[in-house]
Amino acid sequence: MAVEIRELECFLVLADELHFGRTAERLYLSQSRVSQLLQSLERRIGGPLFERTSRRVALTPLGKEFLTSLRPAYTALERVVENARAFANDVKGKLRIGFQGTANDIILAAVSVFQSQNPNCLIETCELPLNDPFGALRRGEIDAAVVMLPVAEDDLVLGPVFSRQPQTLTVSTRHPLADRDRLDLEDLADSVLIAISGPAPGYWRQAQAPTQTPAGALIHRGPEYRTLQEGLSLIAADRGGMLLCHRSAEQNRRADIVNIPITGVPESALGLVWRRGEDTPSLQAFAAHLKED
């Protein structure tokens, strides 16, 4: 009959402790369960392994012989399992990370630290179209994507969220709101926001360019754009405004546009997403380096 690993573990601990109570504590079992496991092992072997009295527990000659043979074999088995676990968790191969727009310093720092700590895994980065945050991930062209929130995709997992930033309204210097020091989303009533085009899902596009204020006033939908630079060109041409996180606004300053802090909208944030069920050791190691600044 096949011997259960739990029975062998119980025997080894009891051989060390020679006390059923302490053995039960070490194994997080009841004393009765320890007795059951030991009795089952003794039945398999065909003889008693311990002498038990009300005052002491001691190995029998059979128990001593069994212990001498079992201990190195059990240690070797533990080593085999540990080696297999280490191999499974080894960060190796290639990790492909996509990002929207410009890779900010948090992403670049994570890439640098990951590569220095995992020289056997080559990390590659590529820019994703602003209007298609999830397409390359679903096609298997990348292993994970850094995208603007929100993310509500059943087949994707949202991992660490980082780079939370206040938002700004970016408009042409000729825009009626260009001279304002601060705005609220209600101030955009009857204004025009340019919008990201498809195939990005509707809820995601709506979050980047809302079509009404919290009070229900209409915000007009302007022309659509596919890339950040297309959007900035439309703004400079006075075709409408755009919501941008503070970091992106600072990185894309131009003489013909202005960035105005705005309240009444959620913070902008980035998140790392990957295909459900495909969180590899290398991906988990990279995700651990994405932290708030």
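Predicted model, so just to flag it, every value in this text is computed and none were measured. (Residues numbered from 1 in each chain as written. Predicted model: local features only at pLDDT ≥ 70, side-chain atom pairs only at ≥ 80, totals over all residues. Heavy atoms only, no water.)

**Student:** Honestly, the nonpolar core in this entry has me stumped. Any pointers?
**Tutor:** Burial of nonpolar side chains together is a common tendency in soluble globular proteins. Membership of the largest hydrophobic core comes to 40 residues, with the highest contact counts inside it found for Leu 95, Ile 107, Phe 114, Val 146, Leu 272 and Phe 286. Beyond its immediate stretch of four places on either side in the chain, Phe 286 contacts Leu 95, Ile 97, Ala 110, Val 111, Phe 114, Ile 123 and Leu 272. In this structure, Val 13, Leu 14, Leu 37 and Tyr 74 belong to the second largest nonpolar core, which totals 21 residues. (Core = buried A, V, L, I, M, F, W, Y, C linked by side-chain atoms within 4.5 Å. Buried < 20%, exposed > 50% of the residue type's maximum accessible area, 1.4 Å probe, protein only. Contact = heavy atoms within 4.5 Å.)

**Student:** How should the sheet that holds strand S11 (residues 242–245) be read in this particular structure?
**Tutor:** The 4 strands lie next to each other as S8-S12-S7-S11, forming an open sheet whose pairing is mixed. The sheet terminates laterally at strand S8 (183–184) and S11, the two strands that pair on one side only. In the sheet, strand S7 (residues 167–172) pairs with S11 via 4 bridges, with the strands oriented antiparallel. Each bridged residue has a counterpart across the sheet, and for Thr 170 the counterpart in S11 is Met 242. (Pairing = 2+ DSSP bridges. Helix = DSSP H or I, 4+ residues; strand = E, 2+ residues; numbered from the N terminus.)

**Student:** I would appreciate a short explanation of a nonpolar patch on the surface in the present structure.
**Tutor:** Together, Ile 5, Leu 77, Val 80 and Val 81 give the surface a local cluster of nonpolar side chains, amounting to about 320 Å² of exposed area. If one sorts the elements of the nonpolar patch by residue count, helix H4 (residues 61–88) sits on top with 3 residues. Looking at where Ile 5 falls in the secondary structure, it is placed in helix H1 (residues 5–17). Accessibility expressed as a relative area gives 43% for Ile 5, which makes it partly exposed. (Patch = residues over 30% accessible without salt bridge, like charges linked within 9 Å, V, L, I, M, F, W, Y side chains within 5 Å. Areas by Shrake-Rupley, 256 points an atom, 1.4 Å probe, with all protein chains shown as cover. Salt bridge = Lys/Arg side-chain N within 4 Å of Asp/Glu carboxyl O.)

**Student:** Explain the packing of helix H2 (residues 20–27) against helix H3 (residues 31–45) to me, please; I cannot follow it from the model alone.
**Tutor:** Helices that pack against each other are described as a pair by the angle of their axes relative to one another and the distance between those axes. Closest axis-to-axis distance for the H2/H3 pair is 8 Å, and the angle between their directions is 95°. On the basis of their axis angle, the class for H2 and H3 is roughly perpendicular. Here Phe 20, Gly 21, Thr 23 and Ala 24 of H2 come into contact with H3, specifically with Gln 31, Val 34, Ser 35 and Leu 38. Per-class residue counts for the contact of H2 with H3 are 4 nonpolar, 4 polar and no charged. (Axes fitted to C-alpha atoms, helices over the stretch in contact; angles between N-to-C directions. Parallel < 35°, antiparallel > 145°, perpendicular 65-115°, else oblique. Nonpolar A, V, L, I, M, F, W, Y, C, P; charged D, E, K, R; others polar.)

**Student:** How should I be thinking about the layout of surface pockets in this particular structure?
**Tutor:** Rolled over the atoms, a probe with the dimensions of a water molecule shows which regions are left empty. Roughly 660 Å³ of internal volume is contained in the largest pocket. Met 148, Gln 167, Gln 208, Cys 245 and Ser 268 are, among the 37 residues lining the largest pocket, the residues nearest its centre. Its residues assigned to classes, the lining of the largest pocket comprises 21 nonpolar, 14 polar and 2 charged. (1 Å grid on protein atoms, 1.4 Å probe; cavity = no way out; pocket = protein on both sides within 12 Å on 5 of 7 lines; lining within 4 Å. Points joined across faces, edges and corners; volume = space filled by probe spheres on them.)

**Student:** Help me understand unusual backbone geometry in this model?
**Tutor:** Glycine aside, negative phi is the norm for most residues, and most peptide bonds take the trans geometry. The omega torsion of the bond from Leu 149 to Pro 150 falls at 10°, within 30 degrees of zero and hence cis. Within the secondary structure layout, Pro 150 lies in the loop between strand S5 (144–148) and strand S6 (156–165). Omega for the peptide link from Gly 198 to Pro 199 comes to 15°, which places this bond in the cis form. Among the structural elements, Pro 199 can be located in the loop between strand S9 (192–196) and helix H7 (202–208). Although it is not a glycine, Ser 163 adopts a positive phi angle of roughly 55°. Within the element layout of this structure, Ser 163 appears in strand S6.

**Student:** Where do I start with the side chain of Thr 170 in this structure?
**Tutor:** Within the fold, Thr 170 resides in strand S7. By relative accessible area, which is 0% here, Thr 170 ends up buried. Looking at Thr 170, its side chain comes within polar contact range of the side chain of Asn 259, at 2.8 Å. Setting aside its immediate chain neighbours within four residues, Thr 170 contacts Ile 235, Gly 240, Gly 241, Met 242, Leu 244, Ile 257, Val 258 and Asn 259. (Polar contact = N/O pair within 3.5 Å; in protein donor to acceptor, adjacent residues only side chain to side chain.)

**Student:** What is the right way to look at H2 in this model?
**Tutor:** For H2, the set of buried residues is Phe 20, Gly 21, Thr 23, Ala 24 and Leu 27. All buried residues of H2 lie within an arc of 165° about the axis, which places them on one face of the element. Buried residues in H2 make contact with H1, H3, strand S1 (50–52) and strand S2 (57–59). Trailing H2 by a residue or two, Tyr 28 shows a phi angle of about 55°, which is positive. (Arc of directions from axis to C-beta.)

**Student:** Explanation requested: the side chain of Ser 191 in the structure shown.
**Tutor:** Mapped onto the fold, Ser 191 is located in the loop between S8 and S9. Classification of Ser 191 as buried rests on a relative accessible area of 14%. Beyond its immediate sequence surroundings of up to four residues, Ser 191 is in contact with Leu 177, Leu 218, Ile 219 and His 220.

**Student:** Help me out: how do you make sense of the environment of Ala 288 in this one?
**Tutor:** Relative to the elements of secondary structure, Ala 288 occurs in the segment after helix H10 (281–287). We classify Ala 288 as partly exposed; its relative accessible area is 49%. Remark: the alpha-carbon pair of Ala 288 and Gly 159, spanning 129 residues in sequence, is separated by 9.6 Å.

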